[in-house]
Structures are given as structure tokens and as C-alpha cells.
Amino acid sequence: MKHERPDIRNVAIIAHVDHGKTTLVDAMLWQSGIFRANETVPERILDSLALEREKGITIMAKNMAIRYRDVKLNLVDTPGHADFGGEVERTLALVDGVLLLVDAAEGPLPQTRFVLGKALEAHLTPVVVVNKIDRQDARPREVLDEIYDLFIDLDATEDQLDFPVLYTDAKRGTATEDPRVPGRSLAPLFETLLRTIPPPRSDPEAPLQILIASLGYDNYVGRLAIGRIVNGAVRPGDRVAVIKRDGSVEPAKITLLYTYEGLDRVEAAEAAAGDLVALAGLEEIGIGETVADLERPQPLPPIRVDEPTVAMIFSASASPFSGRDGQFVTSRHLRERLDKELLTNVSIRVESTDSPSASRVSGRGELQLAILIETIRREGYELEVGKPEVITKSVDGSLLEPMEQLTADCPEEFIGAVTQRVGARKGQMLRVVNHGTGRVRLVFKIPTRGLIGYRAEFLTDTKGTGLLNHLFDGWAPWQGDIRGRATGALVSDRDGQATAYAIDHLQPRGEFFVAPGDPVYEGMVVGEHTRDTDLPVNITKEKKLTNMRSSTADEAIQLVPPRRMSLEQCLEWIREDELVEVTPKALRLRKREPSA
Ligand SMILES: Nc1nc2c(ncn2[C@@H]2O[C@H](COP(=O)(O)OP(=O)(O)OP(=O)(O)O)[C@@H](O)[C@H]2O)c(=O)[nH]1
Ligand SMILES: [Mg+2]
């Protein structure tokens, strides 16, 4: 007989990017009464990392707990961007059900498919929420049909197809069972979750087993292992066994035990099967490992996470400017930082290379790697990174490369431009969906390689009005050559400072990335050439001052403002023989060999 915990529900909130998960969690927190009425609470409070706030996206999954009637609802908010899919996969190991959120206008998108597929595979109970019903272009009925189609396409069982549906306006915090009747609060959602999501069940005879799904850090108590008690119970002070991924078993002691209340972690005297907990004292534990009974240690099935598809070489900076801005600049610093990342980030890999100063870092996409670079840069590191490349594998003697399903949403008038560009990148159109709103959705199958650098082109081609989404779609034989950037680089031929005079004279040659006064060095890429070859330039040339008048004329030069690229744009722009130099203060591009 299984033992049930009617006082607990464990639910993950999953969706495509920007469909409103974190906003809905805000409203759920408010209505559960954890904030005082006059308290000032930032919007999307769970997006607490600096980069999450800046980019307006969730990067890491986060736990919280709210009380509704007599039930504790452990909720996990997950990221919707495909590059952070690993966060969703590890989260699903903690819960018994999912709240699948879908935008009432956009409908299911690639990541909706990915997260729902994972949830159905794990036999989790779904509750469907159609969000943003306040949107002018909301089409809730059609979207619900699309959701049914998606469930069927993913081979959902009869039980799973029997999901309840709610319509929400997460911004106002309302839910309703009928889209024609406006909701007044989230009560219908809370009631549905309590009724539908099964309470955690455990085997009362089984020894202690806790599955660790993430790691945290507390300044006072050190490493925290966060996971779900699958069987048994724990108290602080308990002696336990840690079962490592390789099967080895090590004794350990739990020094402190926490459960979740609202957004806080609170110390607990005991916790039992079904609850989500954080444990201190287990210094050596990793994600996917089991905390078990000391006398009868039995491992739980490991957490499965999809393989990385994109890799980049990270090296200690070899730039002439190395050490000017950063606190951590050596290859040892960098390697230690990357090793630390491996402890908490389940979906990246770090490998050594032939060069002692370089590591090969792989992940789910350019954005995931760019976020990692941006994070360590802000911690004071300097490094340089090469062009993102796809991970290939060889099966029975043939070379395979990762493929993606690409969804492009744009106004009808751009279909031609988009199709042509995707075609050149070896994309094949699978279908066109026209909702009759003037916008269309084009679905392609394309090598992951063809996507590198495509986002910028797509935004230009659609005059900034397009939406691009992609999802890993398996492996296929190598699709042949794809042409990269069509332009060469303008390369500084000496060290010095860029001058207005030089830039003014060189302007017809291309577009510059630097402004007068910027320090430059030999081999640094200072602009994009209009032709496909690289061009060495002297960007430091000063006008000979013959008299007062010419020097004032110099100041009157009208320069085109430089193109300042973000880290992601730099990564998309570079070729194989170029690098992005990253410091806490600057991003520079350079040739691998100064005078190539
Ligand atoms: N009109 C309207 N806008 C909403 C609603 N819910 C969320 N939004 C907006 O949608 C945007 C994205 O919301 P988030 O809550 O960050 O979405 P998310 O699903 O958490 O995004 P990721 O975590 O990055 O995948 C924000 O600008 C919200 O204000 C809604 O019900 N109606
Ligand atoms: Mg979010």
C-alpha cells in the first residue's frame, strides 16, 4: 500500500518563453497572502538574478511554497527559453503534476511541445492554463484546439487528455473556467490544482530516499542540496548515505534541514516523504544523486538531461590588453570557475583541449553559453571565446549534425525574404500556418549550424517585427556547406588610439565598431569591411597640425556612430579565425593571429 500526503501538492509551471509563467506566480503569491497589502514587491519577483531582470526572461528554475486552505503547494517556476531546457528536465523530477501555460494569442510554440513532451513522458498530471486572455488578438478556443492536437501528437494517454482547462489574465490575477465569464481571482486555479494534481505518494516500508535535483549555496551553512523526499523521513543530525552517480556510497551527516514557506527557506525539525527540502552538510553531493538510508542505501533512477548541441572554446585572454580590467585572468582561474559551474548547471559540459589554456564548453544553445560568459564576466573574469560551433557525432561511419525545428512568425509581406534566407542556410519549409491576422507562422527544419548568426538577419529582414523560436529536433546526416558571414573585417595594423581623422577617411571602407579615443591594438577587429576580404587599416592616424584652423576643422568631422554589438551579436558575427575578448568592462573582437 502506498502512503499519501493529502496536505501537499508538488507542481511545476511550464511553458514557452514569455507566455507568462513568472507573472502568474506573482499573482499566486499575492493571493496566497504572503505579502502585506502595503508591501512594495517588484514585478516578476522570482526573476531575481540580475541577468534575468535585464533580459526579462527566467534563466534558473526556482522553488517556492504557498498555502491554500490546508494544503501546501510547492511550486517550481521554470524558464521557457529552449536553451535552458535542462532546468525544466531536472525540475520535473521533483513534481507530480504540471501547470502547462499557453499564450491565448500565440498558441503552442516549440518549447511548449518540448516541455509538455517531457512532462507526459514522466507521467505527470497536466493542468492547462490559457493565459493572456485579455490580449486584443486572443483566440482561446482555437488555441485550446491546438493544445489538444499537441497532446495527441505527443501520444498522450486517455487520462492525460482529460486535462482541466482554465483561462487566466496573469497580470490581473484572475482565472475562469469559461472565457466569456471574466474571472475575479485565482481561486478557480488553486481549486483545480488541489483537485487534479495527485498528492505525493510513498512506500511506508521503504528506507529513506531523497532525489537531489539542484544545488544552492548559503553564506552561513555552505552547500545546499535541494530535492524531493521520495520515501522515508529526515531530521537534522541524521546520518545518511550519499549514493554517487558512479554507484559509490559515502556516509554523511545532515546538519540542517529546510523546507519552503513562501519565497523563504525555513529550518524544520523533520520532513517526510512527498515534501521538497534543502539539506546542509552534504558537501560532496551532485545533481541527480541520492541521499539514502545509511544501513540500506538504495539509489533512485538518475535525472536524464538532453545532450548539448553547441560548443565554444573558452580561453584565458591572450590579448595585449589582458589584465587591464579583470581580477581573474589566468587559465587556472577560468578552469576553476568552469568546474564550479558544472556543480550546479546540469546541461553544460566542460572538456580539456590540446591547449592547456583552453576549455571546450558545450550547452544547449548560443544564449545559454552567452549567459554563462556574461555571468562570469561580471564576477571579474577576463576570457576570450571562439565562434560557436555545433556538436557533431559519427554513427556507423557517417557524420551527423543536430537539427532544429524553426518557427518564424512575421507579417505576410516578409515570407519571401525569410524563406530565401532560411533556404540558403539549408532550411526546409515544413508548413505555413496563416491565422488570417496578417501574420503568418513558417515552420522549417534546419541544421543547428544554419541558425548560428541567423537571428540578427531575421530581425533586419522583418524590420524588427518577427519572432523566432527553435527547438532541437534530433540528428541528421551532415547537410553540406553553409556560407558564413559574407563580409571581411577591418583590422587595426598597430597599437594606439582610434582617431576621428582616421575613421573619417576609412568610412567608405565599411562600418566601424570603435569610436575616436578607443584604445586599439594590432590584430584587433575595428569594423566590418564592405568586401569579403580582411583589410588592415591604420585607425590611429593623426592629421598633421599645421595651424589652428585645421585643428578646429578636424573637430567638425561628421562621423557615423560606431556599431556597438552585444555579446550575443559578437558571437554571431565572428568567423573561425576570430575571437571575442571579454572583460568586465569591454567586449573586443580580434583575429586569432595578429597579422594574418
Ligand atoms: N496582457 C498580458 N500580458 C501578460 C500576461 N501575463 C504575462 N504577461 C506579460 O508577458 C511578458 C512575459 O511574462 P513572464 O511572466 O516573464 O513570462 P515567462 O513565461 O515567465 O517567461 P520566461 O520565464 O522567460 O519563459 C511580461 O511582459 C508580462 O507582463 C497576461 O495575462 N496578459
Ligand atoms: Mg519566467
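Anything mentioned here points back to the structure above.
Residues numbered from 1 in each chain as written. Chains lettered and ligands numbered in written order. Predicted model: local features only at pLDDT ≥ 70, side-chain atom pairs only at ≥ 80, totals over all residues. Heavy atoms only, no water.

Counting through the fold element by element, Ile 574 comes out in the loop between α15 (567–573) and β36 (578–582). With relative accessibility at 1%, the residue Ile 574 sits in the buried group. Linking Ile 574 and Lys 591, residues 17 residues apart in sequence, is a C-alpha distance of 9.4 Å. Residues within four places of Ile 574 in sequence aside, it is in contact with Val 385, Gly 386, Lys 387, Arg 485, Leu 579, Val 580 and Leu 589. (Helix = DSSP H or I, 4+ residues; strand = E, 2+ residues; numbered from the N terminus. Buried < 20%, exposed > 50% of the residue type's maximum accessible area, 1.4 Å probe, protein only. Contact = heavy atoms within 4.5 Å.)

Another point: the site of ligand 1. In the vicinity of ligand 1 there are 17 residues, among which Lys 21, Thr 22, Thr 23, Thr 58 and Asp 134 approach most closely. In the model, an oxygen atom of ligand 1 is placed 3.0 Å from a nitrogen or oxygen of the Lys 132 side chain. Protein contact buries 86% of the 650 Å² of open area that ligand 1 shows by itself. In terms of residue count, helix α1 (residues 21–31) provides more of the shell around ligand 1 than any other element does, 3 residues in total. (Near = heavy atom within 4 Å. Polar contact = N/O pair within 3.5 Å; in protein donor to acceptor, adjacent residues only side chain to side chain. Areas by Shrake-Rupley, 256 points an atom, 1.4 Å probe, with all protein chains shown as cover.)

Here the focus is the packing of helix α8 (residues 331–344) against helix α9 (residues 366–378). The axes of two packed helices give the description: the angle between them and the distance between them. Relative to each other, α8 and α9 sit at 125°, their axes nearing to 12 Å. On the basis of their axis angle, the class for α8 and α9 is oblique. Along this stretch, α8 crosses α9, giving a crossing that reads as right-handed. Touching Leu 334, Arg 337, Leu 338 and Glu 341 of α8 are Leu 372, Thr 375 and Ile 376, all from α9. Residue composition of the contact of α8 with α9, by class: 4 nonpolar, 1 polar and 2 charged. (Axes fitted to C-alpha atoms, helices over the stretch in contact; angles between N-to-C directions. Parallel < 35°, antiparallel > 145°, perpendicular 65-115°, else oblique. Left-handed = near helix turned anticlockwise from the far one by under 90°. Nonpolar A, V, L, I, M, F, W, Y, C, P; charged D, E, K, R; others polar.)

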